[in-house]
Amino acid sequence: MILLFFKTLPEREMRSGFAELIKHGLISDGGLFDLLRENFSKQAALSGEALPEFLAKGIKVKADIVAQDETEQGVRAFLNFGHTFGHALEAFGGFKRFLHGEAIIFGMIYALILSEREMGLKFDLASFSAWLSDLGYETTLPDDVTFEEIYSRMLHDKKNDFRRSKIRSSQ
Ligand SMILES: [Zn+2]
């Protein structure tokens, strides 16, 4: 069913959807990220037969995180990886210019650069970006996207996150 759905999607939409699977790979510790890189090395693989198995793995990562959050506070936030920046970029583009997945790809790159710079994360960002380009993603922000534009929208998104978590914890 999922495969059928993916196969009927235009290439750009499919690549956008695949961005969430890349996110699931990055936030899981089960080697999913390496497996994705092995199995999806080129754009054509995105519509290949390995896809359903990996979509299922991605869904499991998400389900495990949601299940964990009942006892462990905050892990659910992992699912937001790349999304604060991504949402800001989507808003900047009037929700027409960037597809959700295209925007969160930039968001994940931004988060990884920041983690490297601020937290000393050891991660081969150059090789990650090269892989994303091979899959057909844009990895360099257009010139008219300024930090100020994104930052003011990120602050707005953060406030929304805070409100949402307050609502959730009071339930
Ligand atoms: Zn998303």
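Residues numbered from 1 in each chain as written. Predicted model: local features only at pLDDT ≥ 70, side-chain atom pairs only at ≥ 80, totals over all residues. Heavy atoms only, no water.

### Description of the pattern of salt bridges
- One pass over the full model with this rule turns up nine salt bridges.
- For R12, the salt bridge is made with E102, and the minimal N-O distance between the two is 2.6 Å. Of the two residues, R12 is situated in helix 2 (residues 11-27) and E102 in helix 6 (residues 100-119); the sequence distance between them amounts to 90 residues.
- Residue classification places R12 among the partly exposed positions, given a relative accessible area of 39%.
- On the basis of relative accessible area, E102 is assigned to the buried category, the value being 18%.
- Here K23 makes a salt bridge to E20, at a shortest N to O gap of 2.9 Å. (Salt bridge = Lys/Arg side-chain N within 4 Å of Asp/Glu carboxyl O. Helix = DSSP H or I, 4+ residues; strand = E, 2+ residues; numbered from the N terminus. Buried < 20%, exposed > 50% of the residue type's maximum accessible area, 1.4 Å probe, protein only.)

### A few points about the packing of helix 2 against helix 4 (residues 51-68)
- Packing of helix 2 against helix 4 brings their axes to within 9 Å, and their N-to-C directions diverge by 55°. Taken together, the axes of helix 2 and helix 4 are oblique relative to one another. Note that helix 2 runs across helix 4; the crossing there is left-handed. Along its contact with helix 2, which presents F18, L21, H24 and I27, the element helix 4 presents L51, F54, L55, G58, V61, K62 and I65.
- The residue inventory of the contact of helix 2 with helix 4, partitioned by class, reads eight nonpolar, two polar and one charged. (Axes fitted to C-alpha atoms, helices over the stretch in contact; angles between N-to-C directions. Parallel < 35°, antiparallel > 145°, perpendicular 65-115°, else oblique. Left-handed = near helix turned anticlockwise from the far one by under 90°. Contact = heavy atoms within 4.5 Å. Nonpolar A, V, L, I, M, F, W, Y, C, P; charged D, E, K, R; others polar.)

### Structural notes on the nonpolar core
- One finds F18, I22 and F128 to be the most contacted residues of the largest nonpolar core, which totals 28 residues.
- Secondary-structure elements contributing two or more residues to this core are helix 2, helix 3 (32-39), helix 4, helix 6 and helix 7 (125-134).
- For this core, the element with the highest residue contribution is helix 2, accounting for six residues.
- Once residues lying within four places of it in the same chain are set aside, the contact partners of F128 are I22, L26, F33, R37, I109, L112 and F123.
- By size, the runner-up hydrophobic cluster in this structure holds ten residues, among which are L89, F92, F106 and V145. (Core = buried A, V, L, I, M, F, W, Y, C linked by side-chain atoms within 4.5 Å.)

### Some details on unusual backbone geometry
- Although it is not a glycine, F95 adopts a positive phi angle of roughly 60°.
- By secondary structure assignment, the location of F95 is in the loop between helix 5 (83-92) and helix 6.
- Using a relative accessible area of 59% as the deciding quantity, one classes F95 as exposed.

### Describing the packing of helix 3 against helix 4
- Contact geometry of helix 3 with helix 4 gives a least axis separation of 12 Å together with a crossing angle of 160°. Considered as vectors, helix 3 and helix 4 are oriented roughly antiparallel to each other. Both helix 3 and helix 4 take part in a crossing whose hand is left-handed. Contacts between helix 3 and helix 4 pair L32, L35, L36 and N39 from the former with F54, K57, G58 and V61 from the latter.
- Looking at the contact of helix 3 with helix 4 residue by residue, the classes come out as five nonpolar, two polar and one charged.

### Concerning helix 2
- Here helix 2 is 17 residues long and its end C-alpha atoms lie 25 Å apart, about the 24 Å a rise of 1.5 Å per residue gives.
- For helix 2, every residue scored as buried is listed here: M14, R15, S16, F18, A19, L21, I22, K23, H24, G25 and I27. (Expected span 1.5 Å × (residues − 1).)

### Brief notes about the coordination of the zinc ion
- Coordination of the zinc ion by the protein is provided by E20 (OE), H83 (NE2) and H100 (NE2), with metal-donor distances spanning 1.9 to 2.1 Å.
- Read N to C, the donor residues that coordinate the zinc ion are spaced as E-x62-H-x16-H. In this pair, H83 sits in helix 5 while H100 sits in helix 6, placing the two residues 17 residues apart along the sequence.
- Classification of H100 by relative accessible area gives partly exposed; the value is 28%. (Donors = N, O, S within 2.8 Å, 3.2 Å for Na, K, Ca; no water.)

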